[in-house]
Amino acid sequence: MRIDHQELERRMARFFEVCRAAGLKMTHQRTEIYREVAQTGEHPDAETVFARVRQRVPSVSLDTVYRTLWLLGDLELVRTLGPLRERARFDANLEGHHHFVCTTCGLTRDFESEHLDRLPIPTPARSFGVIEAMQVEVRGMCRACAKKKKKKNRRRTSTTKEATR
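These numbers come from a predicted model, not from an experiment.

S.K.: Describe the packing of helix H2 (residues 28–38) against helix H4 (residues 62–74), listing the residues and the values that go with them.
M.R.: As a packed pair, H2 and H4 sit with axes 10 Å apart at the nearest point and diverge in direction by 70°. Considering the angle they form, H2 stands roughly perpendicular to H4. Helix-helix and strand crossings are classified by hand; for H2 and H4 the assignment is right-handed. Of H4, the residues touching H2 (which contributes Gln 29, Arg 30, Ile 33, Tyr 34 and Val 37) are Thr 64, Val 65, Thr 68, Leu 69, Leu 71 and Leu 72. Across the contact of H2 with H4, the residue classes break down as seven nonpolar, three polar and one charged.

See below:
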């Protein structure tokens, strides 16, 4: 899912502004790594960013991609999604929104919900510190994985019936 050109240009302009303000060099690799995350709503993990950027910049290393993504997170240009023990995903959409995550394949998609936006911050969460933002991560099985599972179950059922005859 590609982001529209105007939104990509807005994100890139903010990227250049934040990097200049932080005194960072505007390297080609750094720019292409950010562009890869900024141009999609797919919430790619570092390995996906690496594979895509490497097509345009063959000299980029996986280490550079990881270091750059964590730097972009420190600069608040991207957010990391999901538990850190799994493959982290990165999101350049800093506007308020929520996420659907497929627990089977990892597909991650944005969605908006006025209802969820109006939920009060739970008191137990406030006890951890100052709340800056809240987003909901809905986990489940995407349509494609559910369809595959249904097809697999049908095959098992028909194979079991044949075996018992």
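S.K.: I'd like a rundown of the pattern of salt bridges, residues and numbers included.
M.R.: Opposite charge on two side chains permits them to pair, given that their charged atoms come into close proximity. Inspection of the entire model under this criterion finds 11 salt bridges. Here Arg 11 makes a salt bridge to Glu 7, at a shortest N to O gap of 2.9 Å. Residue Arg 11 and its partner Glu 7 are both found in helix H1 (residues 5–21); the two are separated by four residues, about one turn of the helix. Measuring nitrogen to oxygen at the nearest pair gives 2.7 Å for the salt bridge that ties Arg 67 to Asp 63. With Arg 67 and Asp 63 both in helix H4 and four residues apart, the pair spans about one turn of that helix. For Asp 63, a relative accessible area of 46% puts it in the partly exposed group.

S.K.: Would you mind going over the packing of aromatic side chains in detail, with residue names and values included?
M.R.: In total, this model carries three aromatic pairs according to the counting rule given. With a centroid separation of 5.2 Å and 65° between ring planes, the pair formed by Phe 15 and Phe 16 is classed as edge-to-face. An angle of 5° between the planes, with centres 4.7 Å apart, marks the rings of Phe 15 and Tyr 34 as stacked. Taken together, the residues span a long stretch of sequence, with Phe 15 in helix H1 and Tyr 34 in helix H2 at a distance of 19 residues. Both residues of the pair, Phe 15 and Tyr 34, belong to the buried class. Aromatic ring contacts, followed pair by pair, group Phe 15, Phe 16 and Tyr 34 into a single cluster.

S.K.: Lay out H1 with the relevant residues and their values.
M.R.: Since the α-helix advances by 3.6 residues per turn, residues separated by three or four positions end up pointing in the same direction. Between its terminal C-alpha atoms H1 stretches 24 Å, which fits the 24 Å expected from 17 residues at 1.5 Å a residue. What H1 keeps buried is the set Glu 7, Leu 8, Arg 11, Met 12, Phe 15, Val 18 and Cys 19. Looking straight down H1, one finds its buried side chains confined to an arc of 135°; they lie on one side. The outward face of H1, more than 90 degrees from its buried face, is lined by the exposed residues His 5, Gln 6, Glu 17, Arg 20 and Ala 21. Against the buried residues of H1 lie H2 and H4. At the N-terminal end of H1, a side-chain oxygen is found 3.1 Å from the backbone nitrogen of Gln 6, two or three residues along, and the residue is Asp 4.

Calculation rules
Residues numbered from 1 in each chain as written. Predicted model: local features only at pLDDT ≥ 70, side-chain atom pairs only at ≥ 80, totals over all residues. Heavy atoms only, no water. Axes fitted to C-alpha atoms, helices over the stretch in contact; angles between N-to-C directions. Helix = DSSP H or I, 4+ residues; strand = E, 2+ residues; numbered from the N terminus. Parallel < 35°, antiparallel > 145°, perpendicular 65-115°, else oblique. Left-handed = near helix turned anticlockwise from the far one by under 90°. Contact = heavy atoms within 4.5 Å. Nonpolar A, V, L, I, M, F, W, Y, C, P; charged D, E, K, R; others polar. Salt bridge = Lys/Arg side-chain N within 4 Å of Asp/Glu carboxyl O. Buried < 20%, exposed > 50% of the residue type's maximum accessible area, 1.4 Å probe, protein only. Phe/Tyr/Trp six-rings, centres within 6.5 Å; stacked < 30°, edge-to-face > 60°. Expected span 1.5 Å × (residues − 1). Arc of directions from axis to C-beta. Polar contact = N/O pair within 3.5 Å; in protein donor to acceptor, adjacent residues only side chain to side chain.

The values reported here are purely geometric and, on their own, carry no functional implication.
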